Every structure is written in C-alpha cells, then in structure tokens.
Amino acid sequence: MTEEEILSEFRAANALLEGHFLLSSGRHSAHYLQCARVLMNPDRAARLATALAKKIPRELRNEIDLVVSPAMGGLIIGHEMGRALECDAIFLERPTGTFELRRGFEIEQGQKVLLMEDVVTTGLSSKQAMESVKAAGGRVICAGSVVDRSAGSAEFDVPFHSLLSLNFPTYAEDEVPAELAEVEITKPGSRK
C-alpha cells in the first residue's frame, strides 16, 4: 500500500482527528490518529496488517513464532498480524501500571516475538512491553506499528517496521503554542 492509500483508509474511518490532544506519552498535539477507528472494520484491519507484514523482510518474517501486543491499542492489529503471519497473537495488560501476561497467556522460553503496536510516539511503551516479554522468557526479534509518530526518533534494539510514518509536531506541557493552548484538551488514548 502507498502512503496515500493508507491515509485514505484513515480518512474513510474518520480516524484522522484535529484539535488539542493529550497523548499517552504525556505530550500534546494538534493531530490524533485514532487507530481503533481505522481498525474497527475487519477487512480494513486485515488489509493494513497484510501490508505491514509485507514490509518485514521475508527472512525475519519467517522467524516470528508469536505476536505480542500491549493492550488496549495493540490488540486488534496484533491479532491481525498473527493472522497475516500465520502464528498466534497474545497481549499484555497493565492492571497495576506495568505490563504483564494474564488470561493464561504464556511465552515459551526463547520464543521469537514480534512486538506489535498501533502507534509509536516515543517508543517508551514498546520498550516496557519488550522488557515484559523478555522477563517471560521470550525474545523480541522485531517491532512494528501501524503508525510511527516518532519522526524516526524511537529507537529499538531490534528492527522496527511501520506502515506509515508521520511527523505531526508534539509538545511538552510547557511548550504548547498559545493557539493550541486555547483549544480544549481531549485525551483519546486508552491510558489514563
């Protein structure tokens, strides 16, 4: 899929929002991609996952044993990546603030994992999830996201592939431009 085809999937789902958003990273932005909306249609989610799977080099793709994604945002795309890669997909939860496996999910010792997110902004969540996978015995060999909002600044110790890379500016609390500060803040993410 081309970048324009991917963006048109977001537009068709009314998933590209404008306003004043407080992101899960704690940063502020005038733009928000609501991946849950773009992924709510199973056919669209499958198309996006298939396109992303094709971006992962074949030799790496063939090594992946398991897809692990952080809840909530990564659930649907993680599941669809599992389908596209023909492997199981499980998720991590944060019931007490740190990622953990629940619901009887297990990772076998040495199992090769694709860590899958919907959106990466700073990469912090992905790194925390990777640590949890490692603690459970897995080995993250690749990371992926539908959208990379980091402008290429999120760095991982494994190859990282995204379907779409966007460079919407984000701001720390004390850097928010006056015109954006006048707009009521919305926090659309799943993390409070």
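So, here's what we can say about the structure. These numbers come from a predicted model, not from an experiment.

### Comments concerning the packing of aromatic side chains
Argument step 1. Inspection of every chain in the model, using the stated rule, returns 3 aromatic pairs.
Argument step 2. With a centroid separation of 5.0 Å and 80° between ring planes, the pair formed by Phe91 and Phe105 is classed as edge-to-face. Here Phe91 is found in strand β4 (residues 88-93), whereas its partner Phe105 is found in the loop between β5 (100-101) and β6 (112-120), with 14 residues between them in sequence.
Argument step 3. Judged by relative accessible area, which is 18%, Phe91 ranks as buried.
Argument step 4. Phe105 gets classed as partly exposed once you look at its relative accessible area, which sits at 24%.
Argument step 5. The positively charged end of Lys127 is found above the aromatic ring belonging to Phe156, 5.9 Å away from the centroid.

### Observations regarding the sheet that holds strand β9 (residues 170-171)
Argument step 1. Taken together, the 4 strands give an open sheet; going across it, the order is β9-β2-β1-β10, and neighbouring strands pair in mixed fashion. Both edges of this open sheet fall to β9 and β10 (185-186), since each of them pairs with a single strand only.
Argument step 2. When strand β1 (residues 16-22) meets strand β2 (residues 28-33), the two strands line up antiparallel, connected through 5 bridges. Bridge pairing in β2 places Phe21 opposite Ser29.

### Quick notes on the layout of surface pockets
Argument step 1. Of the voids in this model, the second largest pocket is the one considered here, and its volume is about 250 Å³.
Argument step 2. Considering the residues around the second largest pocket, the lining is formed by Lys127, Met130, Glu131, Lys134, Gly138, Arg139, Val140, Glu155, Phe156, Asp157 and Val158.
Argument step 3. Elements that contribute at least two residues to the lining of the second largest pocket include exactly α6 (124-135) and β7 (139-148).
Argument step 4. Of the residues belonging to the lining of the second largest pocket, the class tally is 4 nonpolar, 1 polar and 6 charged.

### Quick notes on the environment of Thr121
Argument step 1. With respect to the helices and strands, the residue Thr121 is situated in the loop between β6 and α6.
Argument step 2. Sequence spacing of Thr121 and Lys54 is 67 residues, and the spatial spacing of their C-alpha atoms is 22 Å.
Argument step 3. Residues in contact with Thr121, not counting those within four places in the same chain, are Leu23, Ser25, Arg149 and Ser150.

### Things to note about the nonpolar core
Argument step 1. Ranked by internal contacts, the top residues of the largest apolar core, which has 34 residues, are Phe10, Met81, Leu85, Leu114 and Val147.
Argument step 2. Contributions of two or more residues to this core are made by α1 (3-12), α2 (35-39), α3 (42-55), α5 (75-85), β6, β7 and β8 (160-165).
Argument step 3. Here this core gets 6 residues from one element, more than from any other, and that element is α3.
Argument step 4. The contacts of Val147, once residues within four sequence positions are left out, are Phe10, Leu33, Cys35, Asp118, Val119, Val120, Ser162, Leu164 and Leu166.
Argument step 5. One finds Ile107, Ala129, Val140 and Ala154 within the second-largest nonpolar core, a separate group that totals 17 residues.

### Remarks on the side chain of Ser162
Argument step 1. Note that Ser162 resides in strand β8.
Argument step 2. Of the residues examined, Ser162 reaches a relative accessible area of 12% and is grouped as buried.
Argument step 3. With sequence-adjacent residues up to four places away left out, Ser162 is seen in contact with Leu52, Lys55, Ser145, Val146, Val147 and Asp148.

### Points about the packing of α1 against α3
Helix packing geometry: the angle between the two helix axes and the distance between the axes.
Argument step 1. Following both chains from N to C, one finds α1 and α3 inclined at 160°, their axes separated by 12 Å at the closest point. Relative to α3, the element α1 is oriented roughly antiparallel. Seen from above, α1 lies across α3 with left-handed handedness. Together, Ile6, Glu9 and Ala12 of α1 and Arg44, Arg47 and Leu48 of α3 make up the contact between the two elements.
Argument step 2. Here the residues of the contact of α1 with α3 are counted per class, giving 3 nonpolar, no polar and 3 charged.

### Overview of the side chain of Glu9
Argument step 1. Position of Glu9 relative to the elements: it lies in helix α1.
Argument step 2. Classification of Glu9 as buried rests on a relative accessible area of 10%.
Argument step 3. Dropping the residues within four chain positions of it, Glu9 is found in contact with Met1, Val38, Arg44, Arg47 and Leu48.

Thresholds, definitions, all that
- Residues numbered from 1 in each chain as written.
- Predicted model: local features only at pLDDT ≥ 70, side-chain atom pairs only at ≥ 80, totals over all residues.
- Heavy atoms only, no water.
- Phe/Tyr/Trp six-rings, centres within 6.5 Å; stacked < 30°, edge-to-face > 60°.
- Helix = DSSP H or I, 4+ residues; strand = E, 2+ residues; numbered from the N terminus.
- Buried < 20%, exposed > 50% of the residue type's maximum accessible area, 1.4 Å probe, protein only.
- Lys NZ or Arg CZ within 6 Å of the ring centre and 35° of its normal.
- Pairing = 2+ DSSP bridges.
- 1 Å grid on protein atoms, 1.4 Å probe; cavity = no way out; pocket = protein on both sides within 12 Å on 5 of 7 lines; lining within 4 Å.
- Points joined across faces, edges and corners; volume = space filled by probe spheres on them.
- Nonpolar A, V, L, I, M, F, W, Y, C, P; charged D, E, K, R; others polar.
- Contact = heavy atoms within 4.5 Å.
- Core = buried A, V, L, I, M, F, W, Y, C linked by side-chain atoms within 4.5 Å.
- Axes fitted to C-alpha atoms, helices over the stretch in contact; angles between N-to-C directions.
- Parallel < 35°, antiparallel > 145°, perpendicular 65-115°, else oblique.
- Left-handed = near helix turned anticlockwise from the far one by under 90°.

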